[in-house]
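Below are the chains, spelled out letter by letter.
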Amino acid sequence: ACLCCKASCIKWCQCCGMCAVGQEDREIQRLMPKSALLIDYVTFQPFADYYSKILAVRKAQDGSALSHLRSMSALSTIMLKAL
């Protein structure tokens, strides 16, 4: 955002790193395919790694707990094991 004198001096005042982070995000979204951006931000596991398994369980209408456990993300598995 322009905080002071962009109109007169053509300068931008950057008081925090959010502007740069936003620009980096826009560049990454422009350069990378959307499928590469869908990740778990805790484990950085790509969504594509486990979505096909989840979809197969949904389509099969499989109600077994074991099928659901096998199709979960790494983070979900770790969290359930911690219980």
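Our structure's up above, just so we're on the same page.
All of these numbers come straight from a predicted model, not from anything done at the bench.

Quick notes on the rules
- Think of each chain on its own: its residues are numbered from 1, step by step along the sequence as written.
- Note on the predicted model: pLDDT of at least 70 is required for a residue's local features to be given, and 80 or more for side-chain atom pairs to be given and counted; whole-chain, interface and lining totals, by contrast, use all residues.
- Remark: hydrogens and water are excluded; side-chain values derive from all non-hydrogen atoms of the structure.
- Secondary structure is summarised from DSSP: a helix means a run of H or I of at least four residues, a strand means a run of E of at least two, and numbering begins at the N terminus for each.
- Any two residues whose heavy atoms approach within 4.5 Å at even a single point are treated as in contact.
- Note on areas: Shrake-Rupley with a 1.4 Å probe; residue coverage comes only from the protein chains shown.
- Two rings belonging to Phe, Tyr or Trp (six-membered ring only in the last case) form a pair when the distance between their centres is within 6.5 Å. Interplanar angles under 30 degrees mark stacking, angles over 60 mark edge-to-face geometry, and anything in between is tilted.
- Between buried and exposed lies partly exposed: a residue is buried under 20% and exposed over 50% of the maximum accessible area for its type, with that area taken using a 1.4 Å probe on protein chains only.
- Within this analysis, patches are made of residues with over 30% relative accessible area and no salt bridge. Like charges are joined at 9 Å or less; nonpolar side chains (Val, Leu, Ile, Met, Phe, Trp, Tyr) at 5 Å or less.
- One side-chain nitrogen of Lys or Arg within 4 Å of one carboxyl oxygen of Asp or Glu is enough to make a salt bridge.
- One fewer than the residue count of a helix, multiplied by 1.5 Å, yields its expected span.
- Starting at the helix axis, one direction is taken to each C-beta atom, and the arc is that of these directions.

Asks: What's the story with the overall build of the protein chain in this structure? I'm lost.
Replies: In terms of regular secondary structure, the protein chain is built from six helices and zero strands. Considering only intrachain contacts with a sequence separation of at least 6, the fraction spanning at least 24 residues in the protein chain is 18%. Surface exposure of the protein chain reaches about 6900 Å², of which carbon and sulfur atoms provide 64%.

Asks: What exactly am I supposed to notice about the packing of aromatic side chains here?
Replies: Each aromatic ring pair is summarised here by two numbers: the centre-to-centre distance and the angle between the ring planes. What the rule picks out here adds up to one aromatic pair. A ring pair is formed by phenylalanine 47 and tyrosine 51, whose centres lie 5.0 Å apart and whose planes are at 35°; its orientation type is tilted. The exposure class assigned to phenylalanine 47 is partly exposed, which follows from its relative accessible area of 31%.

Asks: What am I meant to see in a nonpolar patch on the surface here?
Replies: Side chains of Leu66, Leu69, Leu80 and Leu83 sit close together on the surface and give an oily, nonpolar patch of about 430 Å² of accessible area. By relative accessible area, which is 44% here, leucine 69 ends up partly exposed.

Asks: How do you make sense of the environment of aspartate 40 when you look at a structure like this?
Replies: Its location among the elements puts aspartate 40 in the loop between helix 3 (34-37) and helix 4 (48-60). Here aspartate 40 falls in the buried class, since its relative accessible area comes to 12%. Setting aside residues up to four positions removed in sequence, aspartate 40 forms contacts with Gln45, Ser73 and Leu75.

Asks: Help me out: how do you make sense of helix 4 in this one?
Replies: One turn of the α-helix equals 3.6 residues, which is why residues spaced by three or four share an orientation. In this model, helix 4 (13 residues) spans 19 Å end to end at C-alpha, consistent with the 18 Å of a helix rising 1.5 Å per residue. Buried within helix 4 are the following residues: Tyr50, Ile54 and Val57. Projected down its long axis, helix 4 carries its buried residues within an arc of 60°, all on one side. Among the exposed residues of helix 4, those pointing more than 90 degrees away from its buried face are Ala48, Lys59 and Ala60. In the core, the buried residues of helix 4 are packed alongside helix 5 (65-71). Note on helix 4: the residue one or two positions beyond its end, glutamine 61, has a positive phi of about 50°.

Functional significance is not addressed by these values, which are geometric in nature.
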